[in-house]
Amino acid sequence: MKTPDSRFYCPLIAVGPITLDENESSHAVRVCRAQAGDTLQLCDGLGHYADATIVKADSKACEVRVDQVENAPMAKPRLNLAIGCLKDDALEEVVFHAAQTELDSITFLRTEFSQEPKNSDLHKLVRRSELKSLVSLKQSKKPWMTRIEGPIEFDAWLKEYNGDLILCDIDGEKNLDHDTVFGANSDGRSDDTPVTLLVGPEGGFSPKEIEAIKKFAGGKIHLLNLGNTRLRARTAAVVALGKII
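Residues numbered from 1 in each chain as written. Predicted model: local features only at pLDDT ≥ 70, side-chain atom pairs only at ≥ 80, totals over all residues. Heavy atoms only, no water.

Remarks on the nonpolar core
Worth spelling out the cut-off: Residues grouped as a nonpolar core are buried Ala, Val, Leu, Ile, Met, Phe, Trp, Tyr and Cys residues, joined through side-chain atoms within 4.5 Å. Residue exposure (1.4 Å probe, protein chains only): buried if accessible area is under 20% of the type maximum, exposed if over 50%, otherwise partly exposed. Secondary structure elements are taken from DSSP: a helix is a run of H or I of four residues or more, a strand is a run of E of two residues or more, and numbering for both begins at the N terminus. Here a residue-residue contact requires only that any non-hydrogen atoms of the pair lie within 4.5 Å.
The biggest cluster of nonpolar side chains holds 33 residues, and the ones touching the most others in it are L81, I83, I106, F108, I166 and L197. Those elements that provide at least two residues to this core are β7 (79–84), α2 (90–98), β8 (105–110), α3 (122–140), α5 (178–182), β11 (195–199) and α7 (233–244). Considering each element in turn, this core owes the most residues, six residues, to α7. Filtering out sequence-adjacent residues up to four positions away, F108 remains in contact with I83, C85, L91, V95, L125, V126, S129, I148, E149, G150, P151 and I152. In this structure, A34, A50, I54 and V66 belong to the second largest nonpolar core, which totals 17 residues.

Have a look at this one:
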């Protein structure tokens, strides 16, 4: 039988015997009470998944056997999120919710108004956010895990970025046409140009940063209106994704 509605992370899925790491083994054997002969659904977050039969139900090193590896029927997502650094655990909260959607990456930006987490090592914040993204991968049962990138200075990121941008702006469209943002090329080939949703920190992007975004020449620029009320940055990111996806 299959375990309850859950997937287990295995970064190297291949045909043959596999030993799951201690975290996934404990979840399978102790939490889900899986036994030898049961089937686990494995995913690697890179578009591959497999049904694996438990050979040895060990809570520290669960041994399974994979007979076939399958590829995800959907292409790697093109949509990304870039958000100004927020204080406390707000960025982790954004990742937990946003990474359940089909996002390729979430980048933390150091902007003029960004608020660094108090008394926190940003490397630790990134690691905790990566773990949140992993939880979201398994919970949402999507084939691609959302990458966590940064923190990076806004100017440096914009200089290196090539792709289209969506800026949350009061003068923007209330609804963006999905085909306009993610449409195919005129020759009918699928356009794999990345699209990045930009969300500022509390207080938004500075006038200088907004001007730089609107003058960006590395791709198309779309302006998205999020409504008539002022939203917290963490809320704005989720609302904006809901309007785009």
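After that view, the rundown keeps rolling.
Structural notes on the pairing of strand β3 (residues 39–43)
The test is simple: The rule for pairing is simple: two strands pair if DSSP sees at least two bridges between them.
Among the five residues in β3, five count as buried, and that is most of the element. Covered by surrounding structure in β3 are T39, Q41 and C43 together with L40 and L42, the residues of both alternating faces. Here strand β1 (residues 8–9) pairs with β3 via two bridges, running parallel. Within the sheet, the bridge partner assigned to Y9 lies in β3 and is C43. Pairing analysis gives five bridges linking β3 to strand β4 (residues 48–56), with the strands arranged antiparallel.

Some remarks on the sheet that holds β8
The criterion, for reference: Helix axes use the C-alpha atoms of the stretch in contact, all axes being lines fitted to C-alpha atoms, and the angles between their N-to-C directions lie in the range 0 to 180 degrees.
Taken in spatial order, the six strands make up an open sheet running β9-β8-β7-β11-β10-β12, and their pairing is parallel. Unpaired on one side and paired on the other, β9 (147–153) and β12 (221–224) mark the two borders of the sheet. Direction aside, neighbouring strands of the sheet carry axes that sit 30° apart on average. Two strands pair when backbone bridges link them, and strand β10 (residues 164–173) and β11 are joined in this way by four bridges, in the parallel orientation. Across the sheet, residue D164 finds its bridge partner in β11, namely V195.

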